Amino acid sequence: MRSMLYVILLLQTCPSTVAVVHLDCMKSSCTITDWNPQLDGPLAVDQAMDDAMYLIFQNLTQSTIIFNRIDQLNERREFNIYIEKSPAVQSVTVSSRARIASLYLTETNLRQVEIEKLNTNLRYFTIAENRELQAIPDSVAHLSMVKVLDIIKSRITSVNYTLFCKLQRLEHLNLCQNEIVSLEEYDMESDDFPCLKYMDLSNNLLQTVSMHYFSSMPVLETLDLSRNVLTSLEGSCRSASLRNLNLSHNRIASFSCCDWNLPRLAHFNVVSNTLERLPSCMEQAMPSVSFLELSGNVLSDGEHFWERLAELKQLQMLDASHNRLTSLVWSSTVLSLRYVIVRNNRIKELSVPFAREGFNIDADCNLIERRDAISVSRNVTYLQMQCNPIDCSWNRELVRREEVHCVENLVPCNNCL
């Protein structure tokens, strides 16, 4: 049952003015629009407080929000509060008594957030699309039960780890799409970040990062540093839990993994950097990597490029497209490998003499000119060679290998941008 209520209040301060508060309620959710708590009073939202668990406030017209009405409720029901599209809101205060399980503040002009100490109710907290907030509120350190903390699309410039490191229940920390230029140093302790599994620092302005801080996060599984302006990675990265590391879309020309130890890393992404060679000791530092993304760099196949990759015995997918490779010579018998993508390189030689059934190669947009420059195992299921001077593509699921014919491409290809 959906109900709509228009509460019309005559304001004592201005008898000729009529304020209209719009409530749109359905089941356990109410959207409250154009409410000024100071002028309209609690009567305007009493029905919502009585019936709803999800309260969505839009276009609040008071600058300071204090959840007094929720504090006064004695029942054990928890609320999920959304304040959105309310540029007038500049300050929010949450008491330790308020039974608010989740609080989402989006499209406001927050400058101050006060959370009382010993807050044991708030588990999900988001601040998003705020152009006034330039520092992470100190009071987030009072969120003793928080699991998910997102401060995104704002103007945060630095990160103070000490605000988060003692939050015993924190599992997900997202600080993406801010203006972060630095991660402040702090003295790590063994009980820091006991439950943190996901950390997102993408789409910021970081130029360098000390990787050893992430080593103090004992259960961290995903670290996203993509889309910054990183040119260097400092310190060691040693983690028995890290499975996903994203360094894509930065400006990293080289780095060493010789002091790294990531035995469980499965997905390593360094797409769109300026790497000229594979990171030193990469194959020793991350022996379990199965998805390796290297596209959009300036890699060449010198310095034992293919031999080093063959040391990754659990590799399933390799993307080395959009580089400066001149050959694909894969002589390894790595049984797990299924996909090799080397499109948009300068490859003239293609040699894959050993392959397990189901092996797939995408070598579009290269410089292969001769049939005798192609030596590929019969177990290769799919070979894509469009936009080479010679095209010997095949799909063994559709045609037999014996029926494959090579075709010369005499017209320039427009599909290799």
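Residues numbered from 1 in each chain as written. Predicted model: local features only at pLDDT ≥ 70, side-chain atom pairs only at ≥ 80, totals over all residues. Heavy atoms only, no water.

**A word on the confidence of the model for the protein**
And then number 1: Per-residue confidence for the protein gives a mean pLDDT of 88; residues scoring 70 or more make up 88%.
And then number 2: Under a pLDDT of 50 for its full length, residues 1-18 has, in the predicted model, 37 contacts with residues more than four places off or in other chains. (pLDDT = per-residue confidence, 0-100. Contact = heavy atoms within 4.5 Å.)

**Section: the packing of aromatic side chains**
And then number 1: Tallied over the entire structure, the rule returns 9 aromatic pairs.
And then number 2: Look at Phe255 and Phe268: their rings are 6.5 Å apart centre to centre, the planes differ by 80°, and that puts the pair in the edge-to-face class. A residue pair is termed long-range when its members are at least 10 positions apart, and Phe255 in the loop between β19 (244-246) and β20 (267-269) and Phe268 in strand β20 qualify at 13 residues.
And then number 3: Here the aromatic cluster, defined as three or more aromatic residues joined through ring pairs, consists of Tyr161, Tyr186, Phe193 and Tyr213. (Phe/Tyr/Trp six-rings, centres within 6.5 Å; stacked < 30°, edge-to-face > 60°. Helix = DSSP H or I, 4+ residues; strand = E, 2+ residues; numbered from the N terminus.)

**Section: the environment of Asn109**
And then number 1: Looking at where Asn109 falls in the secondary structure, it is placed in the loop between β8 (100-108) and β9 (112-115).
And then number 2: For Asn109, the side chain forms a polar contact with the main-chain oxygen of Pro87, separated by 3.0 Å. (Polar contact = N/O pair within 3.5 Å; in protein donor to acceptor, adjacent residues only side chain to side chain.)

**Quick word on the sheet that holds strand β27 (residues 374-376)**
And then number 1: Spatial ordering of the open sheet is given by β23-β25-β27, a layout of 3 strands whose pairing is parallel. In the strand order of this sheet, the two ends are held by β23 (327-329) and β27, each with one partner. Across the sheet, the axes of successive neighbouring strands diverge by a mean angle of 15°, strand direction being ignored.
And then number 2: Looking at chain direction, strand β25 (residues 349-352) and β27 are connected through 3 bridges and run parallel. Residue pairing for β27: Ser351 is matched across the bridge by Ser375. (Pairing = 2+ DSSP bridges. Axes fitted to C-alpha atoms, helices over the stretch in contact; angles between N-to-C directions.)

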